[in-house]
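Reading the structure
Each chain, letter by letter, is given below.
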Amino acid sequence: CLGIEDQGALTGMIRAGVIPDSTFLRTAVTDHASGLCVLPAPKEMAPLTVLTTELVSGLLDALQRDFDHIVIDLPQAVLEWLSPVLIRAEKVLMVTDTSVPAIRQTMRLIAAYAEDRPDLPVEIVVTGEAKPYLPTAAHKAAAKALERPLAHWIPRDAVAARRAIDRGVPLADAAPRSPATKALRQLVARVLQDLAPAARKTA
């Protein structure tokens, strides 16, 4: 979505089974014009299980030495290598809509994550809806089922999202006045306020 091509570094790391270090990061991480430093997913299709707990743990250790904030886009699956991610996580943003199947899947993921980290701070991000002035009965039922409030709301803006994806730029650059952009800015501000002081770089 950011228009960054994988150069094969992560695939090479997985195939070699080498624990990554700062030298690996210098070749694997790409600086994006937005200021983000990105470690892209491999362009080759591969099972999620090819990653190991040792490789992920080593990668996170290397990232934590060089960056203040690390944002990880996790799959909606329960995998052994998630353990070092969850142990280190300061916050998990669980993205969902408020349909019954989506809420059920979110409940399952939260329960699975809690097995590794019972005190894991999970916040719910509702996508495809603007924050209502008053929650509906469905919203109240969802919050009750998830045992936490629906903390963040990202309204749908399919046109702006498609423009950002096609151009390989953040939504804030493609559509700075979009309601979705405004909501995302508010979400980021809330998260950064809760976490450590402002970062030098973000991976």
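The preceding data block contains the structure.
What you see as residue numbers is a count from 1 along each chain, following the sequence as written. Note on the predicted model: pLDDT of at least 70 is required for a residue's local features to be given, and 80 or more for side-chain atom pairs to be given and counted; whole-chain, interface and lining totals, by contrast, use all residues. Excluding hydrogens and water, the side-chain values take into account all heavy atoms of the structure.

Moving on, we get to the sheet that holds strand S3 (residues 92-96). Strand pairing requires that DSSP identify at least two bridges connecting the strands. Secondary structure elements are taken from DSSP: a helix is a run of H or I of four residues or more, a strand is a run of E of two residues or more, and numbering for both begins at the N terminus. Overall, parallel pairing links the three strands, which are arranged S3-S4-S5 in an open sheet. Lying at the two open borders of the sheet, with one neighbouring strand each, are S3 and strand S5 (152-154). Ignoring which end each strand starts from, the neighbouring axes of this sheet average 25° apart. By definition in these notes, contact holds between two residues if any of their heavy atoms fall within 4.5 Å. An axis is simply a line fitted to the C-alpha atoms; with a helix, the fit covers only the stretch in contact. Between two such axes, the angle follows the N-to-C directions and lies from 0 to 180 degrees. On top of the sheet, helix H9 (residues 179-194) reaches S3, strand S4 (122-127) and S5; it is set at about 155° to S5, its chief contact.

Contact geometry of helix H5 (residues 100-116) with helix H6 (residues 137-146) gives a least axis separation of 10 Å together with a crossing angle of 20°. Judged on the interaxial angle alone, H6 and H5 are roughly parallel. The hand of the H5/H6 crossing is right-handed. Facing H5, whose interface residues are Ile103, Thr106, Met107 and Ile110, H6 presents Ala142, Ala145 and Leu146. The labels follow the angle: roughly parallel below 35 degrees, roughly antiparallel above 145, roughly perpendicular from 65 to 115, and oblique for the rest. By convention the crossing between two helices is left-handed if the near helix lies anticlockwise of the far one by an angle smaller than a right angle, and right-handed if it lies clockwise.

The next point concerns the environment of Pro155. Secondary-structure assignment places Pro155 in the loop between S5 and helix H7 (158-167). Relative accessibility thresholds used throughout: buried, under 20% of the residue-type maximum; exposed, over 50%; partly exposed, between the two (1.4 Å probe, protein chains only). Looking at Pro155, the relative accessible area reads 15%, which means it is buried. Sequence separation between Pro155 and Thr23 is 132 residues; the distance between their C-alpha atoms is 40 Å. If we skip the residues at most four places from it in the chain, Pro155 touches Gly128, Glu129, Ala130, Pro179, Ala180 and Ala183.

Quick look at the nonpolar core now. In these notes, a set of buried Ala, Val, Leu, Ile, Met, Phe, Trp, Tyr and Cys residues joined through side-chain atoms within 4.5 Å is what counts as a nonpolar core. Formed by 35 residues in total, the largest nonpolar core has its most connected members in Met94, Tyr113 and Ile124. Per element, the largest residue contribution to this core is six residues, and it comes from helix H3 (residues 53-66). In this structure, Tyr113 is in contact with Leu74, Pro75, Ala77, Leu82, Leu86, Val92, Met94 and Leu120, ignoring residues within four places of it in sequence. Counting 12 residues, the second-largest nonpolar core is a separate cluster that includes Val125, Ala160, Leu171 and Ala174.

Take Thr98: it is sitting in the loop between S3 and H5. Polar contacts here mean pairs of N or O atoms no more than 3.5 Å apart (in protein, one a potential hydrogen donor and the other a potential acceptor; neighbouring residues in sequence count only if both atoms are side-chain atoms). Of the polar contacts made by the side chain of Thr98, one reaches the side chain of Glu129; its length is 2.5 Å. The contacts of Thr98, once residues within four sequence positions are left out, are Ile103, Val126, Glu129, His139 and Leu150.

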